[in-house]
Amino acid sequence: MTSARNVLFVMCDQLRRDHLSCYGGRVHTPHLDALAARGLRFDNAFVQSGVCGPSRMSFYTGRYVATHGATWNRVPLSAAEYTLGDYLRAAGRTATLAGKTHVLPDSEALARFGVETYSERGVLMREGGFASMDRYDGHLPPGAESGYADYLRARGYASADPWTDYVIAMEDGDKVVSGWHMRNVHLPSRVREEDSETAYMTDRALAWIAGQGEARWMLHLSYVKPHWPYVAPAPWHALYRGRDTGPIVRGAQDGTLDEHPVLRAYRTHDECVSFAREEVARHVRPAYMGLVAQLDHHIGRLVAALDSAGRMRDTLIVFTTDHGEFTGDRGLGEKELFYDEIVRVPLIVVDPSARADATRGACDANFVEGVDIVPTILDALGLAVPAHRVEGRSLLPLLHGVTPPDWRDAAFAELDYGFRRARTILGRGVRECRAWMVRTRRWKYVRWQGFRPQLFDLEADPLELVDHGGRAGYGAIADEMQARLFDMLAASKRRTTVDDDEVARRTDGHRRHGVHIGIW
């Protein structure tokens, strides 16, 4: 239990851990650095998938991809799954959303059970349990779910589709060009900085928080940046142009016949074909870095407002991202795969409790995962964590300077690439495209369905440049890691309709009900 009355859960989209200066990264992020100084920064935080949808569903349910089942973007989250919003609502609280979730409703189940789509219950189930203040996923023109388009038109951006015509568009001389083409990302967005996506959603969050007064609140503020299109408004578009954008990581196996077959297939994807060219990576990286710096600026506005209102003393703050981004490393674009650039993410937690004073400004090296956020928030608010469903663990002991003796020593992630071109390149069926990662301090093992595994010795090779999967001399290590994976999957919490206390009450209880089996 902490002194938290409120929760601010901030998630970015496709933000690389190594771009934050508090993680030794390449972008100056003074406001996030200051936030880390007021809380605990986790050095080994991992997401459960390198894809937006499944990763976020693990954050929202506290469950691994293998159990919540939403394995890819636009795969509905089962109506049987409980989310953070459901747990809070059962306790008389509301989880409010500003921004992106990637939740897709289980419309088939809603229809089966006769839940009206636009009833109060139907809307909550369609939104994954969140009360949507402004749902904005940011990869297509916003619809009625967001007020952003109307806001832009009211601000003078005259267009039926101001997102396409202004937010992700630029002016190149007398031509209007699109940010979907990465060749244009050195140009500023046609939208003013104060009207950009990040500024707009921050403004919405600030106004909403101010409107709560002394009432308790929980806000999930979910930014769409620095996810593509890599379009930044002035002055952020030029902040890192012409400056050092960091090394481009490449290994001797990359793109060769010695490379894993699935990785070779991924190289046929459009984003990988483009980012394999160093000039493309060097051209895009400054825009991406500028978007990170812009996020930091607006998060600074949030923290300043909370300070001014006295809310930092009673608000639990969680800052993270759903996964990282390659930006040309390994000759790859986008995300999905299991390299640390993708699955190892920033995580900063500020607990207002005095019990957390001992860890303020510290860095914790324990393995933590996206599934830990739900139990952490519930625990901080003094609410019970449903142990028969939630697979993560509360981070409060770590925040209070105590590492439980049975804390995990590995992290897990999963990929379903059945929706991707790589599947057809490899001639795989849609149910033959699964992969699972086990990552310990020394080893990273990836089990690919139908192919040899990947295996990296992180102690000798922290950049994961040499894949030992299938090589002689590493079989025992691979077997040990596969056994870890089996144990994790075997321990999955699939019995979710009966809690553990009921199981304990009913154990060996048949005689109490007049059932006498096998008596002589």
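Okay, so let's go over this structure.

Definitions and limits used
Numbers given to residues run from 1 along each chain, matching the order in which its sequence is written. Thresholds applied to this predicted model are a pLDDT of at least 70 for local features of residues and 80 or more for the giving and counting of side-chain atom pairs; totals over whole chains, interfaces and linings are not thresholded and use all residues. Only hydrogens and water are removed before side-chain values are computed, so all heavy atoms of the structure are retained for them. One bridge is not enough; two strands pair if DSSP finds at least two bridges between them. Think of it this way: any DSSP run of H or I at least four residues long counts as a helix, any run of E at least two long counts as a strand, and we number them from the N terminus. Under this scheme, a helix contributes an axis fitted over its contacting stretch, all axes are lines through C-alpha atoms, and angles between N-to-C directions fall in the 0 to 180 degree range. In this analysis, two residues are considered to be in contact whenever any of their non-hydrogen atoms come within 4.5 Å of each other. To sort residues, take the accessible area from a 1.4 Å probe on protein chains only and compare it with the maximum for the residue type: under 20% means buried, over 50% means exposed, and anything in between is partly exposed. What counts as a ring pair is set by centres within 6.5 Å for rings of Phe, Tyr and Trp (its six-membered ring), and what kind of pair is set by the plane angle: stacked under 30 degrees, edge-to-face over 60, tilted for all other angles. Geometrically, a charge over a ring is one whose NZ (Lys) or CZ (Arg) sits within 6 Å of the ring centre while staying within 35 degrees of the ring normal. Here a salt bridge means any side-chain nitrogen of Lys or Arg lying within 4 Å of a carboxyl oxygen belonging to Asp or Glu.

**Looking at the sheet that holds strand β12 (residues 434-439)**
Now for step 1: The strand order across the open sheet formed by 4 strands is β11-β12-β13-β14, and the pairing between neighbours is antiparallel. Each edge of the sheet is formed by a strand with only one pairing partner; in this case those strands are β11 (411-416) and β14 (454-457). Taken over all neighbouring pairs, the strand axes of this sheet differ in orientation by 10° on average, direction set aside.
Now for step 2: Bridge count between β11 and β12: 6 bridges; the pairing is antiparallel. Looking across to β12, one finds that D416 is bridged to R434.
Now for step 3: On the sheet, helix α17 (residues 475-490) packs against β11, β12, β13 (443-448) and β14 and is oriented at approximately 70° with respect to β13.

**Describing the environment of L88**
Now for step 1: Within the secondary structure, L88 is located in helix α4 (residues 84-90).
Now for step 2: For L88, a relative accessible area of 0% translates into the label buried.
Now for step 3: Linking L88 and L381, residues 293 residues apart in sequence, is a C-alpha distance of 9.4 Å.
Now for step 4: Contacts of L88, omitting those with residues within four sequence positions, involve R93, A95, M218, L378, L381 and L383.

**What about the pairing of strand β1 (residues 6-13)?**
Now for step 1: Burial analysis of β1 places 8 of its 8 residues in the buried class, the great majority of the element.
Now for step 2: On β1, burial covers both faces: N6, L8, V10 and C12 on one face and V7, F9, M11 and D13 on the other are all buried.
Now for step 3: In this structure, β1 lies alongside strand β8 (residues 315-321), joined through 7 bridges in parallel fashion. Within β8, the position partnered with M11 by the bridge is T320.
Now for step 4: Judged from the 6 bridges that link them, β1 and strand β7 (residues 218-226) form a sheet pairing that is parallel.

**Digging into the packing of aromatic side chains**
Now for step 1: Summed over all chains, the structure comprises 22 aromatic pairs.
Now for step 2: Joined through ring pairs, the aromatic side chains of Y136, Y148, Y151 and Y200 make up one cluster.
Now for step 3: A cation sits over an aromatic face here: R41 above Y23, 5.1 Å from the ring centre.

**Here we look at the pattern of salt bridges**
Now for step 1: One pass over the structure, following the stated rule, counts 49 salt bridges.
Now for step 2: The partner of D86 in a salt bridge is R89, and the shortest N-O contact between them spans 2.8 Å. Note that D86 and R89 are positioned in helix α4 at a spacing of 3 residues, about one turn of the helix.
Now for step 3: Look at D86 and you get buried, because its relative accessible area is 18%.
Now for step 4: Across the pair R267 and E259 runs a salt bridge whose closest N-O atoms are separated by 2.6 Å. Across the pair, exposure class does not vary: R267 and E259 are buried alike.
Now for step 5: Beyond isolated ion pairs, a larger network of salt bridges with shared partners links R17, D43, D340, R344, R439, K444 and E464.

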